[in-house]
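# Commentary on secondary and tertiary structure
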Amino acid sequence: MPKLVVKNLRKVFGTFEAVKDVSFQVEEKETLCLLGPSGCGKTTTLRIIAGLEVPTSGEVFLDGILVNDVLPQKRQIGLVFQDYAIFPHLSVFENIAYGLRVRKVPEAQIRKKVHDTAALIDVENILDMSGKKLGLSEMQRVAIGRSIVLDPKLLLLDEPLSNIDAKARERMRAELGKLQKEIGIATVYVTHDQLEAMTLADRIAVMRDGLIEQMGTTSEIYDNPRTLFVANFIGSPSMNLMDCEPVYSEGRVVLKSGDFSLDITEFAETVKSKSKGKELVLGIRPEDVSLDVDKTDPKAMEAEVQLVEPIGAKSIYHLKIGGPAILSKDRAMPEVNVGSKVWATFNKDKLHIFDKKIEEAIF
Amino acid sequence: MVALRLVNISKKAGKRQILKNVSLEISDGELFVITGPPGAGKTTILKIIAGLIAPDEGEVYIGDQIVNTVPPGDRDVGMVFEVPPIYPNRTGFQNIAFPLEIKKANDEEIKERVEAVAKLLQITHLLERKPTTYSGGELQRVALARVLVRKPRILLLDEPLKNLDAKIRERTRVELKRLQREFGITMVFSTHDQIEATAVGDRIAVINEGIIEQIGAPEEVYNSPRTVFAARFIGSPTMNLTECALKQMGDRWVLDASDFNVDVTAHVRAIEREAMTSELLLGVRPEDITLLNSPENSRCFEGQVELIQNFGDERVVTVRVAKTSLNGLVGKDRIFTYGQRVYVKFREEKVHAFYRKTGIAIV
């Protein structure tokens, strides 16, 4: 039985429909991430699950039981907020024990539960430390500890890493990932950061304008985006997307975009049968455009380098191939500079073609 | 020609030393990036260049002139702040024209220059609108236009992209770099985001606690970090760092990290004698670790997969070798499972070593 079932959720604020029709399930031990730009309805959805908002219509089931009318504090849901909300004047022990004390749990039981939780989140050595002395990663662990000590059925995390600088965020993300695996509680995680979603979630629901646009495992979402929006939103740098038109001649099919053309004869049947209009969008991820200084592949296209962004072992190359600007993410090549002529090869197994009008993937 | 030179700049705030002996030299037309964690002293350097803060010690040269006593308005330096002070009740045009009005330029010249800079920044459509209707990215560009319209010799940008969404940030950073090239303007840019720093900078300065750790081209700092701090700060995922000692084993020299070791016989002649008796840190970038399903030779170390982070185009796989966790970077087509047994192999020629006490790299 799924831990959480959300069915046809809808929420209207005045004239604004924040959540239009959202349904999903979260299995035992699974982490589902609600991902989308600000205003997509992800936080409202989370707040409805927590019981902090009442849905206009729709149902929320926990362990198969309808909880729409259950008060937030009775739902057995652990909430971790953006700023962690650690009590600065209380020790780590008391921070973790807080919820148990409110529930008037006997002292001996509190001690045992806090110590068990502390072992799990690795704060046994700092139980006496005061809340205001904690570093970021300790705060994160204590905030999660404070939720899981109450044995919640479900954990809700609302953008827990969004106020942290880039370098620390990288570390905290990994720590959170490890912690999740160890705790093994079903989790709904809300974020606008696609990298966070990719690295922390088992499955992602990409939201837009109050609806789930696509739901799937991280690899499914990344490798097979079903809409232009998802293709563009997931991945950094973004997928190359070029407006183009299919040109049929002498049994071959070529996608044309200005002076740029790509032979896609092998996909002709699919394109023909599935596309509704003549206007298509060709998509390819930057890492699937490989570069060489010499022409080693007969199908390689000549490209001019317009900008190079070194990012460590790899670089992002901004290329001009005929008309459109195309990004390639490939190994750092010291000999390639602005103005260099290089040869670009598209990995044809990784092409995406979208119908421009309906904004959906043909394949 | 040298556009800007800082010589032994120090600055204290109360008892806290904000900058210690900061020296750097920036050429005309260069895009120079100052990067470091929050509180490292980045903004203070920019403000000292602009003349908004006076250094306790050291000299500021613009061109070949000392400007320590020159007021900010006469330095020919423009500064764009993290939160740009835009007048909400003036239109885009009036905001951009403001510095020219102060200089009492005539209407015709003002119109011409505002329109030229607006066209370049692609904000012509914003000229008649008021800032309350702008998005974050648009506001940032109007602020930039207002500084650029003065044609300053040096442009200072303090975390210009910090408050933008991830996707817009990526795009704006490219725009800024293109713009800098087109204008040929000398630009000093601060950011806490090391990826942004290496992506845009011709050269970068890594700063920590008021001290410059290293200055160099992005590739140089990435490939040959001179300190542990620079090694750890630049690059994502972060370099693996483990305590080790240099030891002789038969006719081989190894960096011994107890749980594993790396053969450095080929480089040992270049290693300083002092290294033999010192505590060291072994540094390996994640892309210089290969994960194998079976051991290739005796130089591979057995470990267990502890965490998998899916970045889309790549995966970061954390492997536990005895008591040490190591991050390896693998392509998107390689599948790993939690708890899986793998063998770690190092690209030994790419390994870094640092003195543990001083943090200085061993040549």
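Residues numbered from 1 in each chain as written. Chains lettered and ligands numbered in written order. Predicted model: local features only at pLDDT ≥ 70, side-chain atom pairs only at ≥ 80, totals over all residues.

Structurally, the position occupied by Gln194 of chain B is in helix α6 (residues 194-200). By C-beta crowding, Gln194 of chain B is classed as buried, having 29 other C-beta atoms within 10 Å. Taking the C-alpha atoms as reference points, Gln194 of chain B and Ala266 of chain B, 72 residues apart in sequence, are found 32 Å from one another. When sequence neighbours within four positions are dropped, the list of residues in contact with Gln194 of chain B reads Ala166 and Lys167 of chain A together with Thr35, Phe233, Ile234 and Ser236 of chain B. (Helix = DSSP H or I, 4+ residues; strand = E, 2+ residues; numbered from the N terminus. Buried ≥ 20, exposed ≤ 12 C-beta atoms within 10 Å, placed from the backbone. Contact = placed C-beta atoms within 7 Å.)

Another point: the interface of chain B and chain A. Across the contact, 33 residues belong to chain B and 34 residues belong to chain A. Those elements that place two or more of their residues in the side of chain B that touches chain A are α5 (166-183), α6, α7 (218-223) and β16 (301-310) of chain B. The greatest single-element share of the side of chain B that touches chain A, amounting to six residues, is contributed by α5 of chain B.

A few words on the domain arrangement of chain A. Residues and elements named next belong to chain A. When its domains are assigned, chain A resolves into domain 1 (4-233) and domain 2 (240-361). Taken over C-alpha atoms, the centre of domain 1 sits 39 Å from the centre of domain 2. Taken together, the contact pairs seven residues of domain 1 with eight residues of domain 2. Class assignment for the residues of the side of domain 1 that touches domain 2 results in four nonpolar, two polar and one charged. (Domains from an automatic or database assignment. Nonpolar A, V, L, I, M, F, W, Y, C, P; charged D, E, K, R; others polar.)

The subject of this paragraph is unusual backbone geometry. Cis geometry marks the peptide bond from Ser236 of chain A to Pro237 of chain A; its omega dihedral reads -5°. Note that Pro237 of chain A resides in the loop between α8 (228-233) and β11 (240-249). The omega torsion of the bond from Ser236 of chain B to Pro237 of chain B falls at -5°, within 30 degrees of zero and hence cis. Residue position: Pro237 of chain B is located in the loop between α8 (228-233) and β11 (240-249). Look at Asn8 of chain A: it is not a glycine, yet its phi comes out positive at around 45°. Residue position: Asn8 of chain A is located in strand β1 (residues 4-13). Owing to 13 C-beta atoms within 10 Å, Asn8 of chain A belongs among the partly exposed residues under this scheme. Residues other than glycine seldom take positive phi values, yet Tyr84 of chain A does so here, at roughly 70°. Within the fold, Tyr84 of chain A resides in the loop between β6 (77-80) and α2 (92-102).

Turning next to the packing of helix α4 (residues 136-148) of chain A against helix α5 (residues 166-183) of chain A. All names here are of chain A. Following both chains from N to C, one finds α4 and α5 inclined at 25°, their axes separated by 10 Å at the closest point. Judged by the inter-axis angle, α4 sits roughly parallel to α5. Classified by chirality, the crossing of α5 by α4 is right-handed. Residues Leu136, Ser137, Gln140, Arg141, Ile144 and Ile148 of α4 form the contact with α5, whose own contacting residues are Ala168, Arg171, Met172, Glu175, Leu176, Leu179 and Ile183. (Axes fitted to C-alpha atoms, helices over the stretch in contact; angles between N-to-C directions. Parallel < 35°, antiparallel > 145°, perpendicular 65-115°, else oblique. Left-handed = near helix turned anticlockwise from the far one by under 90°.)

Residues and elements named next belong to chain A. Bridge analysis of β11 against strand β14 (residues 280-284) gives five bridges, and the strand direction is antiparallel. Bridged to Leu241 within β14 is Gly283. Sheet analysis places β11 next to strand β12 (residues 252-257), joined by five bridges and oriented antiparallel. By the bridge assignment for β12, Tyr248 is matched with Val253. Here β11 folds back onto β12 in antiparallel fashion, the turn holding two residues, of which Glu250 has a positive phi close to 50°. (Pairing = 2+ DSSP bridges.)

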